[in-house]
Amino acid sequence: MTAVVRGICIALTGWAIVAGNAPPVAAEQWTEIWDGALRVEMPGQPERSVQELTVVGTGEVVEQIELSVTLGATEYFCSRTQFRRMPVDLKPAQMLVNGRDGRPGRLLADRLLSVSGAPAREYVHEEDGWILATRAIYAGDTLYQLIVVGRAGVQTAPLTRRFFESFMLEARPPA
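What comes next is a walk through the structure. (Residues numbered from 1 in each chain as written. Predicted model: local features only at pLDDT ≥ 70, side-chain atom pairs only at ≥ 80, totals over all residues. Heavy atoms only, no water.)

Looking at the nonpolar core
Ranked by size, the top nonpolar core spans 26 residues in total, and within it Val40, Met42, Cys78, Phe163 and Phe167 carry the most contacts. Secondary structure elements with two or more residues in this core: strand 4 (38-42), strand 6 (61-71), strand 7 (74-82), strand 8 (106-115), strand 9 (118-127), strand 10 (130-139), strand 11 (142-150) and helix 3 (158-166). The greatest single-element share of this core, amounting to four residues, is contributed by strand 10. Setting aside chain neighbours within four positions, we find Phe167 in contact with Leu38, Arg39, Val40, Val115, Ile137, Tyr144 and Leu146. Counting eleven residues, the second largest nonpolar core, distinct from the first, contains Met86, Met95, Tyr123 and Ala136. (Core = buried A, V, L, I, M, F, W, Y, C linked by side-chain atoms within 4.5 Å. Buried < 20%, exposed > 50% of the residue type's maximum accessible area, 1.4 Å probe, protein only. Helix = DSSP H or I, 4+ residues; strand = E, 2+ residues; numbered from the N terminus. Contact = heavy atoms within 4.5 Å.)

As for the pairing of strand 3 (residues 31-35)
Of all five residues in strand 3, four are buried, a share of seventy percent or more. The pairing of strand 3 with strand 4 spans five bridges and is classified as antiparallel. Its bridge partner being in strand 4, Asp35 is matched across the sheet by Leu38. Linking strand 3 to strand 4, which pair antiparallel, is a turn of two residues; within it Gly36 sits at a positive phi near 65°. (Pairing = 2+ DSSP bridges.)

Put into structure tokens, the structure is as follows:
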């Protein structure tokens, strides 16, 4: 992967994080993750990391919790970032647009959607032959991002679609 793609992980209105690479795992070892109110399936056992970000505009320092899995030349990321001091006039729809527009590369696709009743966007960027497919959901004061980085066609690959479609906001059922 190019240094640009390795450096791409989570960017929203000027925020960026550099993600580490997890060791490759075999496909079809799907892992169901429950983290607070989110549920997602990932194609392998994820590595968990926590990053501190300084929010441009407010100076707030927030924690971004990230899960990542690498399968060969494809990387899967799921992150959760809670913002406590966002400007009141910054609406969720605009936050999602800012996130889309803050990505490097050329925008190939963009669509609005709703995930678990929350506003969401799914968009695809291309840079230097790498594809960055993103599904971003903004619920309450929390931004959730699902990102897959890989080669051409990764945005429609069955593993990407399963990863994106598995994400839900819900309470974990009692054991």
